[in-house]
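A structural walkthrough
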Amino acid sequence: MSEHVEASADHSVEHPGYGTYIKIWVILVVLTGCLVGVSHLGQTAAVWGLLTLTPLKAGLVFYYFMHLKYEGPLFKVVVLVTLGTLLIFFALLFSDIAFR
Amino acid sequence: MTEHVHRDDFGARLGMWLFLVTEMVLFGGLFIGYSYMRYRYPAEFHHGGSELNATLGIINTLVLLTSSLTVVLAIVAVQRAEKKRALAFLGTTLGLGLVFLIIKSFEWAAKFHHGLYPNSRHLATLPPGEQVFYGLYFTMTGLHGLHVIAGLSVLGVMFWWVATDRIRQDRYVHLENGGLYWHLVDVIWIFLLPLFYLAA
């Protein structure tokens, strides 16, 4: 099989253009602004901002910039299993603290 | 002449992702440690956060976000065989990465100037919670800084390979993988900003 056929079969999905990524960048900058704004509204708002806006920003980078959107299910499963593992460790640690 | 070249772009990207998840676990462990310590020393972490320069942290966030954008734009340019544009985008990323490190070095230098550095005498006089805060601050931003240096080295090679046509329209998985690494470095910083700089 020639090099070209393998490569094109691998990237069968249409590539997004410059515009898509620039839009995502604008959203990321706006979300950063929101996060900074929320951090001035007091401790509770800051923690909620941290817990919602930060994963959202990370998700956008993963999904668009890192092309997870355009990859098959295997890549998504690999990432989700990793995040799930970290979440389990987090839960185990805090359950240990709570019942100490 | 037809030569058989074995290439598996899917496998190359999968390998990169498997490496990246080990990085996620490495930093994830530190984040879990941070969350416990912040739970244990809320007042000290609040005070420690107020000592950090939030403006520099926010500027560095924008610098890294933009450098992430230009990497992904460089890939689009290579896909469209726009070599000059690809080099301009990658060059911008390299420049922004250096700006990040320069800002970081000023920030650390200011901390050192105030006697705040790992194992310093002044640090030993602070309450335990603040010692933990600065310990985590230097460990996590330092480890992240090393990743920025590694990412810049990789992307520097990618720049060279685009310039010499080793990366081109029909063959650019190396650039994709180098970009993936750079984006992960960006994602880690996305978490470091609110955890340290906006903690007050």
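On a predicted model such as this, the values are computed, not experimentally measured, just so you know.

1. Quick notes on the overall build of chain A
- Along the backbone of chain A there are four helices and zero strands.
- Across chain A, helices and strands are ordered from the amino to the carboxyl terminus as α-α-α-α.
- The buried share of chain A, reckoned over its 100 residues, is 19%.

2. Let's talk about the confidence of the model for chain B
- Taken over all residues, the pLDDT of chain B has a mean of 95, while the share at 70 or more is 98%.
- Here the predicted complex scores 0.91 on pTM and 0.92 on ipTM.

3. Topic: the environment of C34(A)
All names here are of chain A.
- Its location among the elements puts C34 in helix α2 (residues 18–38).
- Classification of C34 as partly exposed rests on a count of 15 C-beta atoms within 10 Å.
- For the pair C34 and L53, spaced 19 residues apart in sequence, the C-alpha separation works out to 8.1 Å.

4. Observations regarding the confidence of the model for chain A
Residues and elements named next belong to chain A.
- The predicted model of chain A averages 87 in pLDDT, with 87% of residues at 70 or higher.
- At the level of individual helices and strands, chain A shows its lowest average pLDDT in helix α1 (residues 3–10), which scores 44, and its highest in α2, which scores 96.
- For residues 1–12, every residue scores under 50 in pLDDT, and the model assigns this stretch eleven contacts once sequence neighbours within four places are set aside.

5. Structural notes on helix α3 (residues 43–65) of chain A
All names here are of chain A.
- In this model, α3 (23 residues) spans 31 Å end to end at C-alpha, consistent with the 33 Å of a helix rising 1.5 Å per residue.
- The axis of α3 is deflected most strongly, by about 30°, at L50.
- Turning to α3, its buried residues are G49, L53, T54, K57, V61, F62, Y64 and F65.
- Positive backbone phi, approximately 65°, marks H67, located one or two places after α3.

6. Let's talk about the nonpolar core
- With 67 residues, the main nonpolar core has Y21(A), A74(B), V78(B), L90(B), V162(B), L175(B) and L192(B) as its most contacted residues.
- For this core, the secondary structure elements donating two or more residues are α2 and α3 of chain A together with α1 (9–40), α3 (54–79), α4 (83–113), α6 (128–163) and α7 (173–197) of chain B.
- Looking at which element gives the most residues to this core, the answer is α7(B), with 16 residues.

7. Some details on the packing of α3(B) against α4(B)
Residues and elements named next belong to chain B.
- With their axes 8 Å apart at the nearest point, α3 and α4 run at an angle of 160° to one another. On the basis of their axis angle, the class for α3 and α4 is roughly antiparallel. You can see that α3 and α4 cross each other, and the crossing is left-handed.
- Tallied by class, residues from the contact of α3 with α4 come to 16 nonpolar, seven polar and three charged.

8. Things to note about the interface of chain A and chain B
- Counting from both sides, the interface comprises 36 residues of chain A and, opposite them, 33 residues of chain B.
- The greatest single-element share of the side of chain A that touches chain B, amounting to ten residues, is contributed by helix α4 (residues 73–98) of chain A.
- The class makeup of the residues in the side of chain A that touches chain B is 25 nonpolar, seven polar and four charged.

9. Let's talk about unusual backbone geometry
All names here are of chain B.
- A positive phi angle, near 60°, is found at A81, a position not held by glycine.
- A count of 11 C-beta atoms within 10 Å places A81 in the exposed class.
- Here the phi dihedral of N119 falls at roughly 70°; this positive angle occurs in a residue that is not glycine.
- With respect to the helices and strands, the residue N119 is situated in the loop between α4 and α5 (121–125).

Analysis parameters
- Residues numbered from 1 in each chain as written.
- Chains lettered and ligands numbered in written order.
- Predicted model: local features only at pLDDT ≥ 70, side-chain atom pairs only at ≥ 80, totals over all residues.
- Helix = DSSP H or I, 4+ residues; strand = E, 2+ residues; numbered from the N terminus.
- Buried ≥ 20, exposed ≤ 12 C-beta atoms within 10 Å, placed from the backbone.
- pLDDT = per-residue confidence, 0-100.
- Contact = placed C-beta atoms within 7 Å.
- Expected span 1.5 Å × (residues − 1).
- Bend = angle between axes of the 7 residues up to and from the residue.
- Core = buried A, V, L, I, M, F, W, Y, C linked by C-beta atoms within 7 Å.
- Axes fitted to C-alpha atoms, helices over the stretch in contact; angles between N-to-C directions.
- Parallel < 35°, antiparallel > 145°, perpendicular 65-115°, else oblique.
- Left-handed = near helix turned anticlockwise from the far one by under 90°.
- Nonpolar A, V, L, I, M, F, W, Y, C, P; charged D, E, K, R; others polar.

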